[in-house]
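So the chains spell out like this:
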Amino acid sequence: MTAQSIETVATEATTPAHGAEITVPLNRLRASPKNARKTPHSPATIEAFAASIKVKGVLQPPVVEVERDGEGVPTGNYLVTIGEGRRQGLRLLAKRKAIERTHPVRVIVDAENDAHEISLDENMTREAMHPADQFEAFQRLTVEKGYGPEEIGARFGVSAHVVRQRLRLGSAAPELMAAYRAGTLALDQLTAFCVSDDQDRQRQVLEQVSPHTPAYAIRRAMTEAEVSVGDRRVRFVGVEAYEAEGGGILRDLFTEDGGGWLEDVVLLDRLVGEKLAGLADEAREREGWKWAESALDYPDVSVFGRVYPVAVERSEADAAEITALSEEYDRIVSEAGGEGLSPEADARLEEIDKALQAFGPDFDYTADTKARAGVMVMLGHDGLARFERGLVRAEDAVAPPPEEKTEDDGGDVDAGRGGGAPEPEEAGSALSDRLVIDLTAHKTMGLRDAVQADVGVGLATIVHALALQVFYPGYGLWTPLQLRLTATGLERLAPGVEDGPAGRRVRDRCEAWGARLPERAEDLWGVVFGLAPSEQLDLMACCAGVGLYAVRDPHDRRPGALEQAETLATVVGLDMTGTWSATAASYFTRVPKTRVLDAVTEAVNPEEAGRLAGFKKGDMAEAAERLVEGKGWLPSVLRTVSDAAEAEAEGRDADEPRDDDAYSFAAE
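First, a word on what this report is: a plain description of the structure on this page.

Rules used in this analysis
- Here the residue index of a chain counts from 1 through its sequence in written order.
- Local features in this predicted model are restricted to residues whose pLDDT is 70 or higher, and side-chain atom pairs enter the listing and the counts only when it is 80 or higher, whereas totals over whole chains, interfaces and linings include all residues.
- Derived side-chain values reflect all non-hydrogen atoms in the structure, with water molecules and hydrogen atoms excluded from consideration.
- In DSSP terms, a helix is any run of H or I states spanning at least four residues, a strand is any run of E spanning at least two, and both are numbered starting from the N terminus.
- Partly exposed residues are those whose accessible area sits between 20% and 50% of the maximum for their type, while under 20% is buried and over 50% is exposed, using a 1.4 Å probe and protein chains only.
- Should any heavy atoms of two residues lie within 4.5 Å, those residues are counted as being in contact.
- This arc corresponds to the set of directions leading from the helix axis out to the C-beta atoms.
- For this analysis, a polar contact is any N or O atom pair within 3.5 Å, provided that within protein one partner can donate a hydrogen and the other can accept it, and provided that sequence-adjacent residues contribute only side-chain to side-chain pairs.
- Any two strands with at least two DSSP bridges between them are considered paired.
- Between N-to-C directions, angles cover 0 to 180 degrees, with each direction set by a line fitted to C-alpha atoms, over the stretch in contact for helices.
- Any angle that is under 35 degrees is reported as roughly parallel, and any over 145 degrees as roughly antiparallel; angles of 65 to 115 degrees are reported as roughly perpendicular and all others as oblique.
- Rotating anticlockwise by less than a right angle from the far helix to the near helix defines a left-handed crossing, while the corresponding clockwise rotation defines a right-handed one.
- Amino acids outside the nonpolar list (Ala, Val, Leu, Ile, Met, Phe, Trp, Tyr, Cys, Pro) and the charged list (Asp, Glu, Lys, Arg) are all regarded as polar, and Gly is one of them.
- What we call a nonpolar core is a set of buried Ala, Val, Leu, Ile, Met, Phe, Trp, Tyr and Cys residues that are connected through their side-chain atoms within 4.5 Å.
- Aromatic contacts are taken between Phe, Tyr and Trp rings whose centres are within 6.5 Å, Trp giving its six-membered ring; a plane angle under 30 degrees counts as stacked, one over 60 as edge-to-face, and the others as tilted.
- By definition, being over a ring means that NZ of Lys or CZ of Arg is both within 6 Å of the ring centre and within 35 degrees of the ring normal.

## Section: the overall build of the protein chain
Check the secondary structure of the protein chain and you find 28 helices and 14 strands. When each of the 668 residues of the protein chain is scored for burial, the buried share is 38%. Across the protein chain, contacts joining residues at least 24 apart in sequence account for 70% of those joining residues at least 6 apart.

## Brief notes about helix α4 (residues 115-124)
Listed in full, the buried residues belonging to α4 are Ala115, Ile118 and Ser119. The buried side chains of α4 occupy one side of the element, clustering within an arc of 105° when seen end-on. Exposed residues pointing more than 90 degrees away from the buried face of α4 are listed as Glu117 and Met124. The secondary structure elements touched by the buried residues of α4 are β3 (63-68) and β4 (74-82). For α4, the side-chain oxygen to backbone nitrogen distance between the N-cap and His116 is 3.3 Å, and the N-cap itself is Asp114.

## Section: the sheet that holds strand β2 (residues 29-31)
Judged by pairing direction, the sheet is mixed, and its 5 strands sit side by side in the order β1-β5-β3-β4-β2 without closing on themselves. Every interior strand has two partners, whereas the edge strands, β1 (21-25) and β2, have only one. Each adjacent strand pair in this sheet contributes to an overall mean axis angle of 55°, direction not counted. With 3 bridges connecting them, β2 and β4 associate as parallel partners. Residue Ala31 lies in a different strand from β4, and its bridge partner there is Val80. Strand contacts of α4: β3 and β4, with the helix running at about 30° to β4, the strand carrying the most contacts.

## A few points about the pairing of β4
Most of β4 sits out of view: 8 of its 9 residues are buried. For β3 and β4, the ladder comprises 5 bridges, and the chain directions are antiparallel. Bridge pairing in β4 places Val63 opposite Ile82. Where β3 folds back onto β4 in an antiparallel hairpin, the turn is made up of 5 residues, including Gly72, whose phi is positive at roughly 85°.

## Digging into the packing of helix α25 (residues 593-603) against helix α27 (residues 617-628)
Interhelical geometry of α25 versus α27 gives an angle of 20° and a closest axis separation of 10 Å. The angle between α25 and α27 places the two elements in the roughly parallel class. The chirality of how α25 crosses α27 is left-handed. Across the interface between the two elements, Lys593, Val596, Leu597, Ala599, Val600 and Ala603 from α25 touch Lys617, Met620, Ala624, Leu627 and Val628 from α27. Partitioned by chemical class, the residues of the contact of α25 with α27 number 9 nonpolar, no polar and 2 charged.

## Points about unusual backbone geometry
Residue Lys97 is not a glycine yet carries a positive backbone phi of 65°. For Lys97, a relative accessible area of 74% puts it in the exposed group.

## Structural notes on the nonpolar core
Judged by nonpolar contacts, the single largest core of 40 residues is most densely connected at Leu439, Leu447, Val572, Trp580, Tyr587 and Phe588. Those elements giving two or more residues to this core turn out to be α19 (433-452), α24 (559-572), α25, α26 (606-612) and α27. Ranked by the residues each element gives to this core, the list is headed by α19, at 6 residues. When residues no more than four places from it in sequence are discounted, the contact partners of Leu447 are Leu548, Ala550, Ala565, Leu568, Ala569, Val572 and Leu574. Ala173, Leu185, Ala215 and Trp261 belong to the second-largest nonpolar core, a separate cluster that totals 24 residues.

## Examining the packing of α19 against α24
α24 packs onto α19 with a crossing angle of 50° between their chain directions and a minimal axis gap of 10 Å. As judged from the angle between their axes, α19 and α24 are oblique. As for how α19 packs across α24, the hand of that crossing is left-handed. Between α19 and α24, the contacting residues are Lys443, Leu447, Ala450 and Val451 on the first element and Ala565, Glu566, Leu568, Ala569 and Val572 on the second. Of the residues that constitute the contact of α19 with α24, the class distribution is 7 nonpolar, no polar and 2 charged.

## Observations regarding the side chain of Asp449
For Asp449, the position within the fold is in helix α19. On the basis of relative accessibility, which here comes to 10%, the residue Asp449 falls in the buried class. Residues within four places of Asp449 in sequence aside, it is in contact with Ala502, Arg505, Val506 and Arg509.

## Re the packing of aromatic side chains
Taken as a whole and assessed by the stated rule, the structure comprises 6 aromatic pairs. Aromatic side chains Tyr587 and Phe588 sit 5.5 Å apart centroid to centroid with 85° between the ring planes, which places their arrangement in the edge-to-face category. Taken as a pair, Tyr587 and Phe588 share a single burial class, namely buried. Ring centres of Phe588 and Trp633 lie 6.3 Å apart, and the angle between their planes is 25°; this geometry places the pair in the stacked category. On the criterion of sequence distance, the pair formed by Phe588 in the loop between α24 and α25 and Trp633 in the loop between α27 and α28 (642-649) is long-range, its members being 45 residues apart. Take Phe588: its relative accessible area is 0%, and that puts it in the buried class. Taken together, the ring pairs in this structure connect Trp580, Tyr587, Phe588 and Trp633 into an aromatic cluster. Geometry around Trp289 places Lys370 over its ring, the cationic atom sitting 5.8 Å from the centre. When the ring centre of Trp291 is taken as reference, the NZ or CZ atom of Arg393 above it lies at 4.1 Å.

Following this line, the structure appears as structure tokens:
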């Protein structure tokens, strides 16, 4: 076949033979209805085709078949069987006037194979280049030909930012690229390593992580010595101020927001400290405080006393003027029509605002208060300065509350403010610490059950705990409610407590609410907001009950909290007889013989206790279990405080048994 025949321009009168390479005007190429690829190429892919063709031409001729009409006569057009993406790229160039609509295109004619089959074959039997090869090829273009990201992007139809990403990946440590090719390192993991181009650091982190380490953990390890631009310190100081001082920034090429990390942490902390100190000095001079301090982190303000602003006393004339200005302001706003305020009305509102501001705030600290109190300026979690005003040091307090001293068994003074809760006699001596923990775990479960059953008490418990922490710094632990709602498991403290009567009721309530609440935490607020007030209270009581912790642990002494737990038990009328019962396993084998006899005497009568006096410990425990069964007897650590008051009112000792057999030491 001669060169002239190969380059022959197809016309309606000619029918090229199978395998002929011909030149066809672009406007004579049509999309083939037999193309197996039904999902169209993405705009980005067509853009890449166009960019490549513009620089390098059509490197691989499309495969076409002759288009025929209904009678089988050639129409002069050609259907593109293989190479539709290249045709779309050429059309995009023609649309942009980069080439003519009749631009000549070299194609290869296929007149024998089924067009649909070869289209399918073309898309199935090819394998895309491994991304690692592409990354390194881009890197080679930069090194060998000196192409920059913009030029490479223009030649391949991608953005300069994408090129920069691929260049960074192409410069990864060889060990990383080998792992990526072998499939032991995923692409997101590779991008995490390449957040920095420090190959030594990449190798170091690679040795520390496992193949299943998530990308975020790798990125954190790669940047552990830097500070993220999203850090509150950076938001407070500002990247511009940091860079103005010569600080360097490591930019992340693989996140949408283009975030990064500040490399000079010492410089950043110095800038933060200087800015906070300046704000503190300004506040002290402007507001007249005795002292001012700054802190990067939120300090323990519980060591300070607290004073609060009071209503500012105003003269009758000032009060009348403020009232008149406020009424005028409201009237102007209410009279505004649909078109809004007139320029005159808007100007008058500004005058009123300035006049009202001149009177100062309605609530303020007195001069005497400021003379002995101070202000602390600290960095908030949101990156804004937070001012804590009205803090009083111990030496400046007018009348610090006295500390009531409570002596323990060793004669030490309890450090808690306001005194401690009196402990039952058996808690410190006759009963072992392990048994006390067990019993109070059961009592805690009883409290949980009782609070969950009374929504009013649940609300009061939360309000009480919140008020302690907000208005009485230092007394935050004086509540049995773990305000952060830590759901402390009790099973390890008292095996079986979760399956007891109270434990089952607590679990059933939680499961019932769990079925109603959404699976995703993000959807929780919408559900809670849609609940009726009574349902909100019910849910709150359920949560409050789970958060209670009144276990008496010798290693975690909170006398104030335990005292409040007793008060709460009295309020809810806690009756542990329906939750716990004395058995050989739960109590009698774990206390001395004298305690077993005391329990039988108290629950039944002295005669029955006398008959057990000569028994061995195991036999005595089993007999005691049978004797006290159904009597409602409780060790004192499980009784509510109201029992003692009731006993005194009846003129008997708190440990003296009642006449009825099925009595309870809980409040009725």
